[in-house]
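Structural description and commentary
Spelled out, the chains give:
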2 protein chains.
Amino acid sequence: MNKKDAILLAGTKLFAEKGFGGTSMSELAEMTGIAGATIFYHFKTKEDLFLAVLEQVKDGILKSFDEYFAASRFENGLEMVEGVISFFLFMAGHKEEWFLLLHRNHPYRLAEVNPICRGYLEVIYNCFADVFERAIRRGRADGSIRDIPAHKTALIVLSMVDGVIRFKTCQLYDAGALFGNLMELCRRMLENPEK
Amino acid sequence: MNKKDAILLAGTKLFAEKGFGGTSMSELAEMTGIAGATIFYHFKTKEDLFLAVLEQVKDGILKSFDEYFAASRFENGLEMVEGVISFFLFMAGHKEEWFLLLHRNHPYRLAEVNPICRGYLEVIYNCFADVFERAIRRGRADGSIRDIPAHKTALIVLSMVDGVIRFKTCQLYDAGALFGNLMELCRRMLENPEK
DNA sequence: GCAAAAACTGACTGTCCAATCAGTCATACT
DNA sequence: AGTATGACTGATTGGACAGTCAGTTTTTGC
């Protein structure tokens with residue numbers, strides 16, 4: 001593999017597991033078998049590397065959702081919400097390091113002073129909120145979801161799913177065991193009783 | 001103020017804002033006007049200080065809920081759930097540093113190897129889950145909440161509230177603006193339609 | 001008032017780490 | 001074959017940091 005990609009790969013893993021402050025460049029060098037100075041040849045500073053990692057995560061998330069929607073069909077909006085929730089939980093299991101990274105505090109601190117970082121985070125969370133919002137709008141149009149504000153409701157559903165994923169990655173309890181309940185509660189929260 | 005308490009106070013603030021790795025003992029010393037060595041007189045290591053801070057947070061949370069329940073009366077279980085959610089959000093505004101600390105990754109990493117830390121976190125999250133679970137059980141008994149598993153539902157409601165708080169402390173969007181929607185969605189999720 | 005204990009401190013140490021730099025190696029083009 | 005460009009590296013540097021220690025000041029008990 002390309003050394004630059006190897007650094008990004010190891011960087012994603014380390015930043016996700018140990019955070020920005022907890023990761024040392026020499027550790028990263030040792031892990032990849034690449035000389036320390038080589039990392040600084042490809043990435044000017046540690047922060048630059050972090051931003052490159054975050055950009056990759058952003059691209060990965062956008063691509064994943066694109067592929068998911070390209071391959072999926074839904075009966076109605078409510079089923080689309082349920083599908084998106086399942087996909088979120090699938091992704092959280094499959095790409096745990098993405099969510100570990102996003103559940104750390106450092107990206108948000110950095111975003112306060114670094115517009116590039118802020119930009120990446122905005123794209124990621126806009127994507128997250130958007131997929132739910134689109135599903136809710138569709139559900140309202142087809143009558144499967146009752147008359148509720150799409151954007152705000154999308155943010156709350158996102159918070160809920162994100163909260164469950166965080167509790168799982170923190171090993172506080174198992175999200176898998178809650179899957180069925182989560183779906184049922186979401187359905188009850190959104191569904192149109194008149195239909 | 002007692003120097004030990006001043007150290008704990010500043011420690012809570014710094015660990016919450018900058019994390020364990022991002023906080024330096026000399027910074028803490030400078031902030032409090034206390035000599036660096038004095039901190040190590042009261043707390044053997046940086047980790048010891050962190051545990052003491054977490055213990056204080058734990059005690060504060062338990063005390064807050066005790067006081068809240070001592071001062072509150074609820075018509076039924078569903079209203080109790082709503083009251084608890086409001087109180088959570090109130091606390092998240094009032095004691096932001098507690099939630100910043102709990103939304104960091106370090107405590108959970110430390111908990112994997114340090115049983116004292118694990119103990120504190122368990123007490124905190126058991127408290128959180130318990131208050132919701134009690135409310136749901138009461139609601140099921142008085143008929144205001146439909147027939148759903150109390151513990152699992154409590155965990156999901158907790159995830160949702162915790163998720164909203166996290167999004168707020170990360171400055172991704174404002175929890176206040178979602179308050180009304182959150183309450184309405186929760187009510188819809190739990191309420192017993194037969195009543 | 002005094003002795004013992006507790007609280008506190010300045011100066012220091014060894015370690016670790018981000019970043020630099022001068023220079024080597026591989027590749028591509030002429 | 002020669003050279004220019006990009007990829008890579010070992011050795012080093014300067015600063016920051018957790019933790020120590022020997023000694024001073026303050027508090028406590030009598």
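Everything here concerns the structure above.
For the structure given in this document, a descriptive report is provided here. (Residues numbered from 1 in each chain as written. Chains lettered and ligands numbered in written order. Predicted model: local features only at pLDDT ≥ 70, side-chain atom pairs only at ≥ 80, totals over all residues. Heavy atoms only, no water.)

1. With respect to the protein's contact with DNA strand D
- Near DNA strand D lie 15 residues; those nearest to it are A:Ala37, A:Thr38, A:Tyr41, A:His42 and B:Lys46.
- Of all DNA strand D atoms lying within 4 Å of any protein atom, the proportion belonging to sugar or phosphate reaches 68%.
- Taking A:Lys3, its side chain carries an N or O atom lying 3.0 Å from a phosphate oxygen of DNA strand D.
- Here a phosphate oxygen of DNA strand D sits 2.7 Å away from a polar atom, N or O, in the main chain of B:Lys46.
- In terms of residues, the surface near DNA strand D owes the most to one element, helix 3 (residues 36–42) of chain A, which gives 4 residues.
- Residue classes in the surface near DNA strand D are distributed as 7 nonpolar, 6 polar and 2 charged. (Near = heavy atom within 4 Å. Polar contact = N/O pair within 3.5 Å; in protein donor to acceptor, adjacent residues only side chain to side chain. Helix = DSSP H or I, 4+ residues; strand = E, 2+ residues; numbered from the N terminus. Nonpolar A, V, L, I, M, F, W, Y, C, P; charged D, E, K, R; others polar.)

2. Description of the side chain of B:Asn192
Residues and elements named next belong to chain B.
- With respect to the helices, strands and loops of the structure, Asn192 is situated in the segment after helix 10 (175–190).
- From its side chain, Asn192 meets the backbone oxygen of Gly143 in a polar contact 3.1 Å long.
- Not counting residues up to four positions away in its chain, the partners in contact with Asn192 are Gly143, Ser144, Ile145 and Arg146. (Contact = heavy atoms within 4.5 Å.)

3. What to know about the environment of B:Glu75
Residues and elements named next belong to chain B.
- Along the chain, Glu75 turns up in the loop between helix 4 (46–71) and helix 5 (77–94).
- On the basis of relative accessibility, which here comes to 67%, the residue Glu75 falls in the exposed class.
- With 67 residues separating them in the primary sequence, Glu75 and Asp142 have C-alpha atoms 9.7 Å apart. (Buried < 20%, exposed > 50% of the residue type's maximum accessible area, 1.4 Å probe, protein only.)

4. Digging into the interface of chain A and chain B
- Facing 38 residues of chain A, the contacting portion of chain B comprises 38 residues.
- Sorting the residues of chain A by area buried against chain B places A:Ile156, A:Arg166 and A:Leu185 first, and these three jointly supply 17% of that buried surface.
- Joining chain A to chain B, the criterion identifies 4 salt bridges.
- As a salt-bridge pair, B:Arg146 and A:Glu184 come within 3.5 Å of each other at their nearest N and O atoms.
- Where chain A packs against chain B, one counts 15 residue pairs in polar contact (both at pLDDT 80 or more).
- Counting residues per element, the ones that place at least two in the side of chain A that touches chain B are helix 6 (96–102), helix 7 (106–113), helix 9 (150–169) and helix 10 (175–190) of chain A.
- The leading source of residues in the side of chain A that touches chain B is helix 9 of chain A, at 12 residues.
- Taken together, the residues that form the side of chain A that touches chain B break down as 21 nonpolar, 7 polar and 10 charged. (Buried area = accessible area lost by both parts, 1.4 Å probe. Salt bridge = Lys/Arg side-chain N within 4 Å of Asp/Glu carboxyl O.)

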